[in-house]
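Observations on the model geometry
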Amino acid sequence: MRDLEISNQELSDLAEEAVDLAKSYWASLEERQAYPSTSGKNTTELFLRPWAENARGRDVLQDFKSIAEHARPATGRFFGYVLGSGEPIGALGELLAAVLNQNVTSWRSAPAATSIERTVVGWLAEAVGCAGFTGSLCGGGSMANLMALAMAREAKLPANETGARPCVIYASEQVHMSIPKAVALLGIGRKNLRLIPVDDKFRMRPDALRAAIAADGEAGNTPIAIVATVGTIVSGAIDPLPEIADIARREALWMHVDGAYGGLAALAVPEKFQGLSLADSLSLDAHKWLYQPLDCGCLLNRHPDIARTTFSHSDDYVRILSEDPTEAFAFFEESIELSRRFRALKLWMSLQYHGRSAYREAIARDLHHAQMLARTIATRPELEQLAPVSLSAVCFRHRSKDNEAILRRVIARGRVYLSNASINGQFALRACFVNHRTTPDDVQEIVSEVIAATDELNH
Ligand SMILES: *Cc1c(COP(=O)(O)O)cnc(C)c1O
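Note that the structure is predicted; figures quoted are calculated from it, not measured. (Residues numbered from 1 in each chain as written. Predicted model: local features only at pLDDT ≥ 70, side-chain atom pairs only at ≥ 80, totals over all residues. Heavy atoms only, no water.)

Under the domain assignment used here, the protein contains domain 1 (93-354) and domain 2 (357-457). The C-alpha centroid of domain 2 is placed 30 Å from the C-alpha centroid of domain 1. The partner domain 2 presents 26 residues to the 27 residues of domain 1 that form the contact. Taking both partners together, domain 1 and domain 2 bury about 2000 Å²; carbon and sulfur atoms supply 70% of that area. (Domains from an automatic or database assignment. Contact = heavy atoms within 4.5 Å. Buried area = accessible area lost by both parts, 1.4 Å probe.)

Here you go:
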């Protein structure tokens, strides 16, 4: 018989081995390909296996090496999607959070963890110019957006008791797919999400928004919310918040801001985010632009009362046990989940370990890298930038070659990883910088790799 505990000696040995694996992994990132050479067949052969009856013991740690070989590496040369780079203190925070194994449902269930989460949520709010907002951490921007739209509806056209009634929500054509998904899940129906046209910088057009709301008014529809985006997923565009807030106020609509990609850049460039604090709710993703290990989303809002009407389905049994508002506090009465992990510990540790200035500077470097890339593209007559660089996403293309083929070659060459996007119907190569490991040399490799891939195609 083997019980599930281990001795302190075993723990020390295993921990030492695990830390060695982490050290050699992080040290190997320089040399690693930006995307692993692997296939579905490969990973299935390696990792599809029955659960053995007998203990394998510490040997399982050695699997880490082959897992890392077939994983997307967190190198400074990975520029696809919006993928944060995962800094090490956050990883240690995850380990220690798992050691404490708190269930952060409420203060009663997790006293320290609840206070720490409320503190770090306050830090994030204050860092983006939304001091006084409250909220909670969650799995990511998609969950945050879903909770925000549930709150918007409960504020404007309550559905919890009687079920959903027809209503309309507005967002720009560049909105992230998690918004139509949330609209569908809430039973609002995707056809009731109005996609508002954008200007030449891919920002929502307030005149078109006003016209759409007026048209819905005339048609007898019930608008409830506007979703603005700060940092659209394709080009990083920032919707005009003050104008949208003004429209929301006049029309008595909920204003949600999806800042899952861009919101945290307000730490470094607050001037780009004027009007953010006019939002009713705001989604952020610390696993993107605060470089935290997955997962670490956050929904901020300035209506805790509405958060409670939306999410509280209990009989206040917590409050019966305590009159003290801190001790009566329950995340499950203000958000979707009940059992919740201690996501705040990694933020508590890494944000203080490095200090606020280090994060501001890392974000500023990402913004600078995007500008560097745009300048390099401008020096190459065969390349064309396809969208203004508002934050750290750069979309460009080769003017005369098959860009899809170029992208496949670039990825196969393994030096840098780019993703793709569609800009006004054109296939774009896209590089996004939310990576504390990226160096100026890595940035220069983007264009040289695109040129090298194009040359290969010519042969
Ligand atoms: C990433 C992203 C989301 C979704 O966030 P997840 O953490 O992936 O769920 C939503 N909106 C925008 C703008 C994003 O960049």
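So, on to the packing of aromatic side chains. Under the defined criterion, the tally for this structure stands at 10 aromatic pairs. Taking the centre distance of 5.1 Å and the plane angle of 55° together, the rings of Phe79 and Phe433 count as tilted. Of this pair, Phe79 sits in the loop between helix H3 (63-69) and helix H4 (88-100) while Phe433 sits in the loop between strand E11 (426-432) and helix H17 (440-458); the two residues are 354 residues apart in sequence, bridging distant segments of the chain. A residue is classified by how much of its surface remains accessible, and Phe79, at 0% relative accessible area, is buried. For Phe433, a relative accessible area of 0% gives the class buried. Members of the aromatic cluster, each reached through a chain of ring pairs, are Tyr35, Phe78, Tyr81 and Tyr417. Sitting above the plane of the Phe78 ring, Arg72 keeps its charged end 4.5 Å from the centroid. The lysine or arginine in question, Arg340, covers the ring of Phe331, its NZ or CZ lying 4.2 Å from the ring centre. (Phe/Tyr/Trp six-rings, centres within 6.5 Å; stacked < 30°, edge-to-face > 60°. Helix = DSSP H or I, 4+ residues; strand = E, 2+ residues; numbered from the N terminus. Buried < 20%, exposed > 50% of the residue type's maximum accessible area, 1.4 Å probe, protein only. Lys NZ or Arg CZ within 6 Å of the ring centre and 35° of its normal.)

Another point: the layout of surface pockets. Its volume calculated, the largest pocket comes out at about 1000 Å³. Looking at the largest pocket, it is lined by 31 residues, and the ones nearest its centre are Ala22, Trp26, Ala91, Leu92 and Leu95. Breaking the lining of the largest pocket down by element, the ones donating at least two residues are helix H1 (8-28), H3 and H4. Per-element accounting of the lining of the largest pocket gives the leading share, nine residues, to H1. (1 Å grid on protein atoms, 1.4 Å probe; cavity = no way out; pocket = protein on both sides within 12 Å on 5 of 7 lines; lining within 4 Å. Points joined across faces, edges and corners; volume = space filled by probe spheres on them.)

Position of Gln292 among the secondary structure elements: in the loop between helix H10 (286-289) and strand E7 (297-301). A relative accessible area of 1% places Gln292 in the buried class. Polar side-chain contacts of Gln292 include one of 2.9 Å to the side chain of Ser350. Discounting residues that sit within four places of it in the chain, Gln292 has contacts with Gly86, Glu87, Gly90, Ala286, His287, Lys346, Leu347, Ser350, Leu351 and Tyr359. (Polar contact = N/O pair within 3.5 Å; in protein donor to acceptor, adjacent residues only side chain to side chain.)

Turning our attention to the site of the ligand. The environment of the ligand is formed by 14 residues, the closest being Gly141, Ser142, Asp258, Asp285 and Lys288. Here Asp258 contributes a side-chain N or O atom positioned 2.6 Å from a nitrogen atom of the ligand. A distance of 2.9 Å is found between an oxygen atom of the ligand and a side-chain nitrogen or oxygen belonging to Lys288. Considering the ligand on its own, with 380 Å² of exposed area, one finds that the protein chains cover 86% of that surface. Looking at the shell around the ligand, the elements with two or more residues in it are helix H6 (141-156) and H10. In terms of residue count, the dominant contributor to the shell around the ligand is H6 (three residues). In the shell around the ligand, the residues fall into three nonpolar, eight polar and three charged. (Near = heavy atom within 4 Å. Areas by Shrake-Rupley, 256 points an atom, 1.4 Å probe, with all protein chains shown as cover. Nonpolar A, V, L, I, M, F, W, Y, C, P; charged D, E, K, R; others polar.)

What follows covers the state of the cysteines. For the structure shown, the criterion picks out zero disulfides. Residue Cys432 stays outside any disulfide, its sulfur separated by 9.0 Å from that of Cys395, the closest cysteine. (Disulfide = S-S within 2.5 Å.)

Before going further, it helps to examine the packing of helix H8 (residues 206-218) against helix H9 (residues 241-251). Look at H8 against H9: their axes get within 10 Å of each other, and the N-to-C directions meet at 20°. In terms of their interaxial angle, H8 and H9 are classed as roughly parallel. Handedness of the H8/H9 crossing: right-handed. Across the interface between the two elements, Pro206, Leu209, Arg210 and Ile213 from H8 touch Glu243, Ile244, Ile247 and Glu251 from H9. Considered class by class, the residues forming the contact of H8 with H9 number five nonpolar, no polar and three charged. (Axes fitted to C-alpha atoms, helices over the stretch in contact; angles between N-to-C directions. Parallel < 35°, antiparallel > 145°, perpendicular 65-115°, else oblique. Left-handed = near helix turned anticlockwise from the far one by under 90°.)

Attention now goes to the sheet that holds strand E1 (residues 134-138). If you walk across this open sheet you meet the seven strands as E1-E7-E6-E5-E4-E2-E3, and the pairing is mixed. Where the open sheet ends on each side, the last strands, each with one partner, are E1 and strand E3 (193-196). For this sheet the average axis-to-axis angle between neighbouring strands, irrespective of direction, equals 20°. Two elements, strand E5 (residues 254-259) and strand E6 (residues 281-285), share four bridges in a ladder whose sense is parallel. In the strand pairing of E6, His256 is matched with Ser281. Most of the contacts of helix H7 (residues 178-185) go to E3, to which it runs at about 160°, and overall it touches strand E2 (168-172), E3, strand E4 (223-229) and E5. (Pairing = 2+ DSSP bridges.)

Quick look at the packing of helix H16 (residues 403-413) against H17 now. For any two helices packed against each other, one specifies the inter-axial angle together with the distance between the axes. H17 packs onto H16 with a crossing angle of 110° between their chain directions and a minimal axis gap of 9 Å. Here H17 runs roughly perpendicular to H16, going by the angle between their axes. For H16 against H17, the interelement crossing comes out right-handed. Contacts between H16 and H17 pair Ala405, Ile406, Arg409, Val410 and Arg413 from the former with Glu449, Val450, Ala452, Ala453, Thr454, Glu456 and Leu457 from the latter.

Time to look at the UniProt feature "modified residue: N6-(pyridoxal phosphate)lysine" (unreviewed entry) in the protein. UniProt annotation of "modified residue: N6-(pyridoxal phosphate)lysine" (unreviewed entry) refers to Lys288 when read in the numbering used here. Within the fold, Lys288 resides in helix H10. Accessibility expressed as a relative area gives 13% for Lys288, which makes it buried. Lys288 has contacts with Val82, Gly84, Ala260, Tyr261 and Val434, leaving out every residue within four places of it along the chain. (UniProt positions renumbered as here; feature names shortened; annotations may be inferred.)

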